[in-house]
Amino acid sequence: MTQNGMGARTGEVWILGATGRIGRAVTARIGAHGLDLVLVGRDPESLRATAASAGHPDAKILVADAVERMASEITRRRPAVVVNALGSYTETAVPLARACMPGGHYVDLAADLTAIPRLLALHQEAADACSTLITGAGFGILATEAVVVKLCEGRSIPHEVRVDALASVATDAGTMGTAFAATTVDVITSGGRRYKNGHMVKTRLGSDVQTHMLPDGQTVKSASAPSGELLAAQRASAAPNVSVTSALAPTSCIVRAVLPLFATLLSVPGLRRLAVRQMAKAPIKAAPRPRTHSWGHVVVTWGDGSRREGWLRADDGMDYTADVITRTAVRLVQGEAPSGAYTPAAAFGPDLATAAGGNFLLDT
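Residues numbered from 1 in each chain as written. Predicted model: local features only at pLDDT ≥ 70, side-chain atom pairs only at ≥ 80, totals over all residues. Heavy atoms only, no water.

Here's the deal with the pairing of strand 15 (residues 294-301)
Phase 1 of the analysis: Extensive coverage of strand 15 is indicated by the burial of 7 of its 8 residues.
Phase 2 of the analysis: Across 7 bridges, the pairing between strand 7 (residues 160-166) and strand 15 is antiparallel. Following the sheet pairing, L166 is matched in strand 15 by W295.
Phase 3 of the analysis: When strand 15 meets strand 16 (residues 307-314), the two strands line up antiparallel, connected through 8 bridges. Counted as the bridge partner of T301 is R307 from strand 16. (Buried < 20%, exposed > 50% of the residue type's maximum accessible area, 1.4 Å probe, protein only. Helix = DSSP H or I, 4+ residues; strand = E, 2+ residues; numbered from the N terminus. Pairing = 2+ DSSP bridges.)

So, helix 11 (residues 269-280)
Phase 1 of the analysis: Helix length check: helix 11, at 12 residues, gives a terminal C-alpha distance of 16 Å against a target of 16 Å (1.5 Å per residue), a fit within 8%.
Phase 2 of the analysis: Every buried residue of helix 11 is listed here: A275, V276 and A280. Seen end-on, helix 11 carries its buried residues on one side only, within an arc spanning 120°. (Expected span 1.5 Å × (residues − 1). Arc of directions from axis to C-beta.)

Some details on helix 12 (residues 317-333)
Phase 1 of the analysis: Helix length check: helix 12, at 17 residues, gives a terminal C-alpha distance of 24 Å against a target of 24 Å (1.5 Å per residue), a fit within 8%.
Phase 2 of the analysis: Most of helix 12 is tucked away: 12 of the 17 residues are buried.
Phase 3 of the analysis: Two to three positions downstream of the cap, the backbone nitrogen of M318 sits 2.8 Å from a side-chain oxygen, assigning the N-cap of helix 12 to D316.
Phase 4 of the analysis: Just downstream of helix 12, G335 is the residue with a positive phi angle, here 70°. (Polar contact = N/O pair within 3.5 Å; in protein donor to acceptor, adjacent residues only side chain to side chain.)

Here we look at the side chain of D108
Phase 1 of the analysis: Examined against the element boundaries, D108 turns out to sit in strand 5 (residues 105-108).
Phase 2 of the analysis: For the buried D108, no salt bridge is present, and the opposite-charge side chain at shortest range is R118, 11 Å distant.
Phase 3 of the analysis: At 2.8 Å, the side chain of D108 and the side chain of T135 are in polar contact.
Phase 4 of the analysis: Once residues lying within four places of it in the same chain are set aside, the contact partners of D108 are N84, Y89, A93, L119, I134, T135, G136 and A137. (Lys, Arg positive; Asp, Glu negative; His and termini not counted. Salt bridge = Lys/Arg side-chain N within 4 Å of Asp/Glu carboxyl O. Contact = heavy atoms within 4.5 Å.)

Observations concerning the pattern of salt bridges
Phase 1 of the analysis: This model, assessed by the stated rule, comprises 15 salt bridges.
Phase 2 of the analysis: One salt bridge connects D172 with R21, and the closest N-O pair in it is separated by 3.7 Å. Placement of D172 in the loop between strand 7 and strand 8 (174-175) and of R21 in helix 1 (residues 21-32) is noted, with a sequence separation of 151 residues between them.
Phase 3 of the analysis: We classify R21 as partly exposed; its relative accessible area is 25%.
Phase 4 of the analysis: With a shortest N-O distance of 3.5 Å, E73 and R69 are connected by a salt bridge. With E73 and R69 both in helix 3 (residues 67-77) and 4 residues apart, the pair spans about one turn of that helix.
Phase 5 of the analysis: Residues joined by salt bridges that share partners form a network here, namely R69, E73, R76 and R77.

Considering unusual backbone geometry
Phase 1 of the analysis: Backbone torsion omega between M101 and P102 reads 0°, so that peptide bond is classified as cis.
Phase 2 of the analysis: Looking at the secondary structure, you find P102 in the loop between helix 4 (89-100) and strand 5.
Phase 3 of the analysis: A positive phi angle is found at S88, which is not glycine, with a value near 50°.
Phase 4 of the analysis: Inspection of the secondary structure puts S88 in the loop between strand 4 (81-84) and helix 4.

This is the structure in structure tokens:
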């Protein structure tokens, strides 16, 4: 079979950034489905070690140290699905997604309000190319987006939606790394966001502090952050007023007080680069996840005052993210998604959240 005069797809699933925490977990999970894996990264020895530790020592290895090289190889070798676990999605998502077209599919775990809109803007291009592009295939977006869909199905457009991404994640020993450090700096400098009367507006990072009594009896605080859950919830509900909080956002009064100063300083390009370099080397201690479960929480309110609340329960947020990516990649290989660019529940429906191991707790 050929598409647009090009050779047939190989059936391979490529994992870019395979040696990172998510990449290693996805390698093991996708390999367990019997799919043909290609691990892509900079260090051949690390890639081989990842393949062996994941139980797939025969997985193919592709050494590529730049996004341009990866995109070129995707175009030339035509894998069925590309999993982007590289991070820095603002720079990596669009060129890699375009390299998958026509006919190939793409998935990433972007969670910011820059990369996600850029990927979704490729919808018509992907539809015309018979490709499916999935962005935000991780805990926070799916765990909240799926609950929004469940609470709103069969109902009129609500007046207001609030979503809370309450991840609980075990920490591996190591360093912060450049990708995570850059994301942290970008969050500080951009501030919070929400939808008000149909328009996205700025809010102060760390505002709207919430204290949640979780269904399992534990508690957690969250605060506003500029995260992709906001866009996914608005698209799923069409509500004119949408807000998002995250358990990863700062809730300490002292930290929140100094954030505006940090944001001003880190907006200077030279200081931003210095901060990213220093933060990337910062040591991180191993620690168990702080709470038993991760939770996606949604409150939907209609113009008549009626209200619905729902939760999605998962275990470790990073493990759940790996399961979401795996289920997404398998369904893409099997051709179960429409062509175009989507967030996870928009492509597959809310059942993807339970297929990945989550459980809904919804009021009636």
